[in-house]
Amino acid sequence: MTEAVPSKAPEPKLRWQEAKIAAIMPDTPRVKSFLLAPSAPFPFRAGQHVDVRLTAPDGYQAERSYSIASAPEETAAIELAIERLDDGEVSPFFHDIAEVGDAIELRGPIGGHFVWDVADGGPLLLLGGGSGVVPLMSILRHRAAVGSRVPAFLLFSSRTWEDVIFRNELLALDAKDDGFQLAHALTRDQPRREQDFGRRVDAAMVAELVGRLPGPPRHVFVCGGNPFVEAASQGTIEAGVAPSMIRTERYGG
Amino acid sequence: MVTRGFTGRQQAPDIAKRLPPGQSLVTDFPVLSAGPTPHISLGDWSFTLKVGPKPVAKWNWAEFNALPRSHQIRDIHCVTKWSKLDTPWDGVLVDDVFKAAGIDEPPTKFILAHSFDGYSTNVPVADLVGGKAMIALRYDGKPLPPDHGGPARLLVPHLYFWKSAKWVSGLQFTERDEAGFWELRGYHIYGDPWREQRFTGD
């Protein structure tokens, strides 16, 4: 809450524009990635999101916000990872109907708080629950794209090993040994690796992770459903991190 | 632009007319905030009214709870696209806060609301008086839980819900319309959901 106020001039008006679906990639049984090519590409910062708008033939419109998963180094197409919510209105459209070549409307980038640039430094503690990993993935891809060695830790809570979004890419990033460390917390599955956990996030877990970083975290980003964010952020405070260093983003209710 | 294959899930007309553009109905109560939930004990709680830098009235929890209570049932609209209808609140109308502080005529046209976690948001005085806004102490008949802004939050239901500052610690009259936390980060200075004023320039 106390980071420096952005000094840049206010953003210009965010206009709706058409974006073409350039690729659709399955991530997990419930999550697919959509590569969207905006007709007017825009710069963004890691952690920001876009608004998406769908229009029915009778003019009815539905809007949703989705975090950008891709790195800001690539603007010709941005990646959104969308979880299919069975009672949803927009996510079933993306999963069941949308095809490569279709156009949707979007506008962005949005959000000037839950953002990280390599110049902001670290150590970086990222805590993600389920699809809450998406903006954290943009941060990690940005870090990797610029060859940063800023110490960074991702604790990623998923139901099962099958539900781990970006699993292979994250394991590959972990294997680079460039200052990034990864721990999975599987809430309904056995841990697969020595450094992983087979339970929900709690204060003891966060304290252990903070201990694995080479220094106290300077920026903490927490994203997920509200129960995850509450547990992870309160655990981080109990681990001795000042609340002012913790940024949160919460999905749904 | 019609989206191929999208039909959507339209609400019944009596619900649809209460949803501002781009909003979807929820029945749960989503939680959103920029940082961790602060847990403020009632013994540490206070509410301060300032004119510019100068405090003009301050209440502790017991004193604030002794102010006249009002009940409101309102529809609320979050900029993240959800709306919730008929939400029941109890608290102290901003009118009654001003009256208790002996303020008959607001000294300026703008308010900056402040919170215990450092959050702030700006609202014109005209949008806070005349029964339009309250310092809410209870939701659905129960004390306001911390993740929904308890012990007390500002409630300005006719503007996007980021204006209804959680964990509110005071109101400050300002000479100019001073942008608050989200207003400095790309969000609209006023935030009327019916004009879909989500972001700067909307």
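A quick note: this is a predicted structure, and the numbers were derived from the prediction, not measured.

A. Structural context of the overall build of chain B. Helix and strand counts for chain B stand at 3 helices and 11 strands. Its C-alpha atoms give chain B a radius of gyration of 17 Å, near enough to 17 Å, the size a compact globule of 202 residues would have. C-alpha extents for chain B along the principal axes are approximately 60 × 35 × 30 Å. Residue burial in chain B is summarised as follows: out of 202 residues, 41% are buried. Long-range contacts, defined as pairs at least 24 residues apart, comprise 63% of the intrachain contacts of chain B with a sequence gap of at least 6.

B. Structural view of the domain arrangement of chain A. Residue and element names in this part refer to chain A. Assigned domains of chain A: these are domain 1 (17-110) and domain 2 (118-251). Spacing between the C-alpha centres of domain 1 and domain 2 amounts to 24 Å. Listed per partner, the contact involves 16 residues of domain 1 and 15 residues of domain 2. Residues that form the side of domain 1 that touches domain 2 fall into these classes: 8 nonpolar, 4 polar and 4 charged.

C. Up close: helix H4 (residues 203-212) of chain A. All names here are of chain A. Taken residue by residue, H4 has Met205, Val206, Leu209 and Val210 as its buried positions. Projected onto a plane normal to the axis of H4, the buried residues spread over an arc of 135° and lie on a single side. Against strand E7 (124-129), strand E8 (152-158), strand E9 (180-186) and helix H5 (226-238) lie the buried residues of H4.

D. The arrangement of the sheet that holds E8 of chain A in detail. Residue and element names in this part refer to chain A. Pairing in this open sheet of 5 strands is parallel, and the strands run E9-E8-E7-E10-E11 from one edge to the other. Every interior strand has two partners, whereas the edge strands, E9 and strand E11 (246-251), have only one. Across the sheet, the axes of successive neighbouring strands diverge by a mean angle of 10°, strand direction being ignored. Here helix H2 (residues 133-145) sits on the sheet and contacts E7, E8, E9, strand E10 (219-225) and E11; the angle it forms with E8, its principal contact strand, is near 150°.

E. How the structure looks around the pairing of strand E11 (residues 168-174) of chain B. Residue and element names in this part refer to chain B. E11 sits mainly inside the fold: 5 of its 7 residues count as buried. Pairing analysis gives 6 bridges linking strand E6 (residues 110-115) to E11, with the strands arranged antiparallel. Counted as the bridge partner of Phe110 is Thr174 from E11.

F. Layout of the sheet that holds E6 of chain B. All names here are of chain B. Strand order in this open sheet of 5 strands is E3-E2-E11-E6-E7, and the pairing throughout is mixed. The sheet terminates laterally at strand E3 (54-60) and strand E7 (120-124), the two strands that pair on one side only. Across the sheet, the axes of successive neighbouring strands diverge by a mean angle of 20°, strand direction being ignored.

G. The arrangement of the packing of H4 of chain A against H5 of chain A in detail. All names here are of chain A. In the contact formed by H4 and H5, the axes pass within 8 Å of each other and the chain directions differ by 55°. Considering the angle they form, H4 stands oblique to H5. Where H4 crosses over H5, the two elements pack in a sense that is right-handed. Together, Ala203, Met205 and Val206 of H4 and Ala232, Gly235, Thr236 and Glu238 of H5 make up the contact between the two elements. Across the contact of H4 with H5, the residue classes break down as 4 nonpolar, 2 polar and 1 charged.

H. Quick look at the nonpolar core. In this structure, Leu126 of chain A together with Ile135 of chain B are the most contacted members of the largest nonpolar core, which totals 116 residues. Looking at which element gives the most residues to this core, the answer is H2 of chain A, with 6 residues. Structurally, this core is a two-domain feature, drawing no fewer than three residues from each of domain 1 (17-110) and domain 2 (118-251) of chain A. Look past the residues within four positions of Leu126 of chain A in its chain and what remains in contact with it is Leu136, Ile139, Ala152, Phe153, Leu154 and Phe221 of chain A.

I. The arrangement of the environment of Asp86 of chain B in detail. All names here are of chain B. Along the chain, the position of Asp86 falls in strand E5 (residues 82-93). Among the residues examined, Asp86 registers 9 C-beta atoms within 10 Å and is labelled exposed. Remark: the alpha-carbon pair of Asp86 and Gln72, spanning 14 residues in sequence, is separated by 9.0 Å. Here Asp86 is in contact with Ile73 and Asp75, once residues within four sequence places are set aside.

J. Spatial organisation of the pairing of E7 of chain B. Residue and element names in this part refer to chain B. Extensive coverage of E7 is indicated by the burial of 4 of its 5 residues. Relative to E7, E6 runs antiparallel, the two sharing 5 bridges. By the bridge assignment for E7, Ile111 is matched with Val123. Between E6 and E7, which follow one another and run antiparallel, lie 4 residues, and Gly118 among them has a positive phi close to 95°.

K. Layout of H5 of chain A. Residue and element names in this part refer to chain A. Across its 13 residues, H5 extends 18 Å between first and last C-alpha, which sits within 8% of the 18 Å expected from 1.5 Å per residue. Of the positions making up H5, those classed as buried are Asn226, Phe228, Val229, Glu230, Ala231, Ala232, Ser233, Gly235 and Thr236. Taken together, the buried residues of H5 touch E7, E8, H4, E10 and E11. Remark: Gly240 follows H5 within two positions and exhibits a positive phi of approximately 100°.

Definitions and limits used
Residues numbered from 1 in each chain as written. Chains lettered and ligands numbered in written order. Predicted model: local features only at pLDDT ≥ 70, side-chain atom pairs only at ≥ 80, totals over all residues. Helix = DSSP H or I, 4+ residues; strand = E, 2+ residues; numbered from the N terminus. Rg over C-alpha atoms; globule rule 2.2 N^0.38 Å. Buried ≥ 20, exposed ≤ 12 C-beta atoms within 10 Å, placed from the backbone. Contact = placed C-beta atoms within 7 Å. Domains from an automatic or database assignment. Nonpolar A, V, L, I, M, F, W, Y, C, P; charged D, E, K, R; others polar. Arc of directions from axis to C-beta. Pairing = 2+ DSSP bridges. Axes fitted to C-alpha atoms, helices over the stretch in contact; angles between N-to-C directions. Parallel < 35°, antiparallel > 145°, perpendicular 65-115°, else oblique. Left-handed = near helix turned anticlockwise from the far one by under 90°. Core = buried A, V, L, I, M, F, W, Y, C linked by C-beta atoms within 7 Å. Expected span 1.5 Å × (residues − 1).

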